Amino acid sequence: MVETPLTASIDAATDRSRWIALYVLCAGVLMIVLDATVVNVALPYIQRELHFSGSSLAWVMNAYLIAFGGLLLLAGRLGDLIGRRTIFLFGLAIFTVASFVCGTAESQTMLIAARFVQGIGGAMTAAVVLGMIITMFPEPADQAKAIGVYTFVASAGGSIGLLVGGVLTQAINWHWIFFVNVPIGIATGLLVLRLLAREEGSGSGLDRSADILARCS
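Residues numbered from 1 in each chain as written. Predicted model: local features only at pLDDT ≥ 70, side-chain atom pairs only at ≥ 80, totals over all residues. Heavy atoms only, no water.

A. Geometry of the confidence of the model for the chain. For the chain, per-residue confidence averages 82 on the pLDDT scale, and 85% of positions sit at 70 or higher. Here helix α9 (residues 205-216) is the element of the chain with the lowest mean pLDDT, 42, and helix α4 (residues 84-104) is the one with the highest, 93. Confidence drops under pLDDT 50 across residues 5-10; counting only partners more than four residues distant or on other chains, this segment forms one contact. (pLDDT = per-residue confidence, 0-100. Helix = DSSP H or I, 4+ residues; strand = E, 2+ residues; numbered from the N terminus. Contact = heavy atoms within 4.5 Å.)

B. Focus on helix α6 (residues 140-171). With 32 residues, α6 ought to run about 46 Å at 1.5 Å a step, and its terminal C-alpha atoms sit 44 Å apart, in line with that. If you look at α6, its biggest bend is around 45°, right at G157. Residues D142, A146, Y150, V153, A156, G157, G158, G161, G165, G166, L168 and T169 constitute the buried set of α6. (Expected span 1.5 Å × (residues − 1). Bend = angle between axes of the 7 residues up to and from the residue. Buried < 20%, exposed > 50% of the residue type's maximum accessible area, 1.4 Å probe, protein only.)

C. Just the side chain of R85, in detail. Here R85 shows up in helix α4. At a separation of 3.4 Å, a polar atom in the side chain of R85 contacts the main-chain carbonyl oxygen of L193. Setting aside residues no more than four positions away along its own chain, R85 makes contact with M132, V192, L193, L196, A197, R198 and E199. (Polar contact = N/O pair within 3.5 Å; in protein donor to acceptor, adjacent residues only side chain to side chain.)

D. Geometry of the nonpolar core. Core analysis: the biggest nonpolar cluster contains 29 residues, and L25, F88 and I133 have the highest contact counts within it. Only α1 (5-37), α3 (54-82), α4, α5 (108-136) and α6 provide two or more residues apiece to this core. Residues within four places of F88 in sequence aside, it is in contact with L25, M124, T125, V128, V129, M132, T188 and V192. Judged by nonpolar contacts, the second largest core, of 18 residues, contains L57, M61, W174 and I177. (Core = buried A, V, L, I, M, F, W, Y, C linked by side-chain atoms within 4.5 Å.)

E. Region of interest: the pattern of salt bridges. Applying the stated rule across the entire model yields three salt bridges. D142 serves as the salt-bridge partner of R18, at 3.5 Å between the closest nitrogen and oxygen. Within this pair, whereas R18 is found in helix α1, its partner D142 is found in helix α6, the two being separated by 124 residues in sequence. Considered together, R18 and D142 belong to a single accessibility category, that of buried residues. Salt bridges here are not isolated pairs; linked through shared partners, they connect R18, E139 and D142. (Salt bridge = Lys/Arg side-chain N within 4 Å of Asp/Glu carboxyl O.)

F. Examining the packing of aromatic side chains more closely. This structure, assessed with the given rule, holds five aromatic pairs. With 4.7 Å between their ring centres and 55° between their planes, W19 and F137 make a pair best called tilted. Of the two residues, W19 sits in helix α1 while F137 sits in the loop between α5 and α6, which places them 118 residues apart along the sequence. W19 sits in the buried class, given a relative accessible area of 16%. For the pair Y64 and F68, a centre-to-centre distance of 6.0 Å together with 10° between the ring planes defines the contact as stacked. A residue pair is termed a helical-turn pair when its members lie 3 or 4 positions apart in one helix, as Y64 and F68 do in helix α3 at four residues. Looking at Y64, the relative accessible area reads 1%, which means it is buried. What links up through ring pairs into an aromatic cluster is the set F100, W176 and F179. (Phe/Tyr/Trp six-rings, centres within 6.5 Å; stacked < 30°, edge-to-face > 60°.)

G. Inspection of a nonpolar patch on the surface at higher detail. Nonpolar side chains collect at one region of the surface, where W59, I66, F116 and V117 lie side by side and expose about 370 Å² of accessible area between them. If you list the elements that add at least two residues to the nonpolar patch, you get α3 and α5. Positionally, F116 belongs in helix α5. (Patch = residues over 30% accessible without salt bridge, like charges linked within 9 Å, V, L, I, M, F, W, Y side chains within 5 Å. Areas by Shrake-Rupley, 256 points an atom, 1.4 Å probe, with all protein chains shown as cover.)

H. Region of the structure containing unusual backbone geometry. Look at H51: it is not a glycine, yet its phi comes out positive at around 60°. Within the secondary structure, H51 is located in the loop between α2 (43-50) and α3.

I. Looking closely at the environment of I46. Looking at the element boundaries, I46 is found in helix α2. When its relative accessible area of 0% is taken as the criterion, I46 is described as buried. Sequence separation between I46 and Q108 is 62 residues, and the spatial gap between their C-alpha atoms is 9.3 Å. The residues contacting I46, other than those within four sequence positions of it, are V39, H51, F52, L111 and W174.

Listed below in structure tokens is the structure:
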């Protein structure tokens, strides 16, 4: 097949769109990874304002990490069955709403519960990103570059979280380490809706529901 200027232009636009979509997905991953460490700097301020004891303060971190780590495998399987884009968007929505609730928390119970829900949303979002990247970049060379970008963002997120947490806590207050996720989450969700086509999962109908229920029981 002879490549015409029109087809070359379409291919270039498609390739550019894929890379933009990669950066958007990585922004979502960065937000999720940041939240595992961004709270560390703010813990003394949270403890003072919400009157946490030393032992109960640990649950501000643990609630997020337990939900996140415990649900990654299930979230990945749901992505295979229902569709990775769908799970990513649901997880992003849950994470964004929970972040807002964390920022407005006025009690220990409210903050810890919202952090647990944040972990659920984070697991749903993070579990499917790598699969989406591999699907978007089937060529080995492009796939290696895309995975490299993803790995760099995921590994750098932890250290960046400490810096961001310190800046936001000192410049404004601890509530903004959570509020900052809201505009990022909304923007990421809108861009994913625009840039990534909906994909069908491998399960369907009753078979899909039965498989999910069997794995949850």
